[in-house]
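# Per-entry structural report
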Amino acid sequence: MKHLLSLEKLSREDMKIILQNSAVLKNQRGDSQHQPLAGQSWALIFTKSSTRTRVSFEVGVYELGGRPMFLSSNDIQLGRGEPIKDTARVLGRMVHGAIIRTFAQSDVNEFAEFSGIPTINALTDDEHPCQVLTDIFTFQEKRGPIAGKVVTFVGDGACNMPISWIFAAAKLGFELRIAAPENFQPAPEILKRAGGKIIVTEDLKAAAEGADLLYTDVWISMGKETESAQRIKELSGYQINGDLVKIAKPDVLVMHCLPAYRGKEIDEATFETHAQTIFDEAENRLHVQKSILNWIVS
Ligand code: CP
Ligand code: NVA
């Protein structure tokens, strides 16, 4: 039984298989008779908002021959306190796979353990593996192998996005630099677990120097809204803008997982200059997640 619970737990080999097959699925979209999910129903259990992840998984499951079933936690008994492990044991008897977006990583792990069906992490507080696989696919599509390249993450360096980047870096052999204020830096214990070449610094300019990819994410992740004022104060300045882009490589790519908040983690002009890349990245969620689904049932 395969799961995609985190990039920490995904092997280098499986990562490479998923990335390679994403290109095949992208090229064959609309032409392929390949339906590995034929006759299957897949539950999307979401406790947090989503545009890209929800739509790309609903379309992806359908295009692979399956039936997606969106279950907002507000609408099922989970939202009224039914335990994860009971929900998992019920759904595991009815559906063929689950795609879960929630707060605690332990909830996704527990669902996988008790459901007995393939389970995909569609974002937790700890990781966003589908997004980072897509980001790497998008980078490689435009610039070739990511091994040996420099990826600079700017902003909240302790949230799910940088953590998934951290676990990808050693496996794929690129240098990761995280520019974040002290209170928003990843725990040293995570860096130790991941290994690889990872630099964490408050020095934004040094982190951006010669970068092949500048990457950012929202300053206020879902669930952190009560900290908004403090986060805006402390993260102010940790922004991708024209001045920062000038310090990076001349052909630097700028990416954002979206949604983007102009004037905070990125400025409007830089966002629009790099919109082609950013929306290719958003589209690629569909192709990469179809590849994840294909891998998980094979
Ligand atoms: N990037 C991302 O996961 O977007 P959604 O929150 O819209 O799914
Ligand atoms: N760090 C963000 C990612 C959104 C896709 C969040 O968790 O809200």
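Provided above is the structure to which this section pertains.
From a predicted model like this one, the values you see are computed outputs, not experimental measurements. (Residues numbered from 1 in each chain as written. Chains lettered and ligands numbered in written order. Predicted model: local features only at pLDDT ≥ 70, side-chain atom pairs only at ≥ 80, totals over all residues. Heavy atoms only, no water.)

Turning to the pairing of strand E6 (residues 175–179), a few remarks are in order. Counting buried positions over the five residues of E6 gives five, a clear majority of the element. Here E6 shows a buried face lined by Glu 175, Arg 177 and Ala 179 and a second buried face lined by Leu 176 and Ile 178. The sheet contact formed by strand E5 (residues 150–154) and E6 spans five bridges and is parallel. Residue pairing for E6: Phe 153 is matched across the bridge by Ile 178. Bridging between E6 and strand E7 (residues 198–201) involves four bridges; their strand directions are parallel. Directly across from Ala 179, in E7, lies its bridge partner Thr 201. (Buried < 20%, exposed > 50% of the residue type's maximum accessible area, 1.4 Å probe, protein only. Helix = DSSP H or I, 4+ residues; strand = E, 2+ residues; numbered from the N terminus. Pairing = 2+ DSSP bridges.)

For the rest of this paragraph, the subject is the sheet that holds strand E4 (residues 119–121). Here we have four strands laid out as an open sheet, ordered E2-E1-E3-E4, and parallel in their pairing. What marks the edges here is a single partner per strand, and that holds for strand E2 (67–72) and E4. Direction aside, neighbouring strands of the sheet carry axes that sit 20° apart on average. The pairing of strand E1 (residues 41–46) with E2 spans six bridges and is parallel. Across the sheet, the residue bridging to Phe 46 is Ser 72, located in E2. (Axes fitted to C-alpha atoms, helices over the stretch in contact; angles between N-to-C directions.)

Phi is mostly negative for residues that are not glycine, and the peptide bonds are mostly trans. With omega at 5°, the peptide bond leading from Leu 258 into Pro 259 counts as cis. One non-glycine residue, Leu 123, adopts positive backbone phi at about 120°. Counting through the fold element by element, Leu 123 comes out in the loop between E4 and helix H5 (129–143). Here Leu 258, not a glycine, exhibits a phi torsion of approximately 70°, which is positive.

Moving on to the packing of helix H1 (residues 12–27) against helix H12 (residues 275–297). It is the contact of H1 with H12, at a shortest axis distance of 8 Å, that shows an interaxial angle of 120°. With respect to H12, the element H1 is oriented oblique. Crossing angle aside, the handedness with which H1 passes H12 is right-handed. Residues Asp 14, Ile 17, Ile 18, Asn 21, Ser 22, Leu 25 and Lys 26 of H1 form the contact with H12, whose own contacting residues are Glu 283, Asn 284, His 287, Val 288, Lys 290, Ser 291, Ile 292, Asn 294 and Trp 295. Residue composition of the contact of H1 with H12, grouped by class: six nonpolar, six polar and four charged. (Parallel < 35°, antiparallel > 145°, perpendicular 65-115°, else oblique. Left-handed = near helix turned anticlockwise from the far one by under 90°. Contact = heavy atoms within 4.5 Å. Nonpolar A, V, L, I, M, F, W, Y, C, P; charged D, E, K, R; others polar.)

Tallied over the full model, the rule gives five aromatic pairs. Centroid distance Trp 165 to Phe 174: 5.7 Å. Interplanar angle 80°. Geometry classified as edge-to-face. Neither Trp 165 nor Phe 174 differs from the other in exposure class; each is buried. In this structure an aromatic cluster arises from ring pairing among Phe 153, Trp 165, Phe 174 and Tyr 215. (Phe/Tyr/Trp six-rings, centres within 6.5 Å; stacked < 30°, edge-to-face > 60°.)

What follows is about the site of ligand 1. Around ligand 1 lies a shell formed by Ser 50, Thr 51, Arg 52, Thr 53, Arg 101, His 128, Gln 131, Cys 257, Leu 258 and Arg 285. Interatomic distance of 2.6 Å between a side-chain N/O atom of Ser 50 and an oxygen atom of ligand 1. At 2.8 Å, a backbone N or O of Cys 257 approaches a nitrogen atom of ligand 1. Here ligand 1 has 260 Å² of accessible area as a free molecule, and 95% of this is covered by the chains. Looking at the shell around ligand 1, its residues break down into two nonpolar, five polar and three charged. (Near = heavy atom within 4 Å. Polar contact = N/O pair within 3.5 Å; in protein donor to acceptor, adjacent residues only side chain to side chain. Areas by Shrake-Rupley, 256 points an atom, 1.4 Å probe, with all protein chains shown as cover.)

What follows concerns the site of ligand 2. Ligand 2 sits among Leu 123, His 128, Cys 159, Asn 160, Asp 217, Val 218, Ser 221, Met 222 and Leu 258. In this structure, Asp 217 approaches ligand 2 through a side-chain N or O atom, which is 2.6 Å from a nitrogen atom. With respect to ligand 2, the side chain of Ser 221 contributes an N or O atom lying 2.7 Å from a nitrogen atom. Here ligand 2 loses 95% of its free accessible area of 270 Å² to cover by the protein chains. Of the residues belonging to the shell around ligand 2, the class tally is five nonpolar, three polar and one charged.

Turning our eyes to something else, we now look at the sheet that holds E5. Adjacent strands of a sheet pair through backbone hydrogen bonds, lying either parallel or antiparallel. Taking strand neighbours across the sheet as the criterion, the five strands line up as E7-E6-E5-E8-E9 in an open arrangement whose pairing is parallel. In the strand order of this sheet, the two ends are held by E7 and strand E9 (253–256), each with one partner. Sheet twist, expressed as the average angle between the axes of neighbouring strands with direction ignored, equals 20°. Of the strands in this sheet, strand E8 (213–216) and E9 touch H5, which is tilted by about 160° from E9. The strands touched by helix H6 (residues 160–172) within the sheet are E5, E6, E7 and E8, with E6 carrying the most contacts at an inclination of about 155°.

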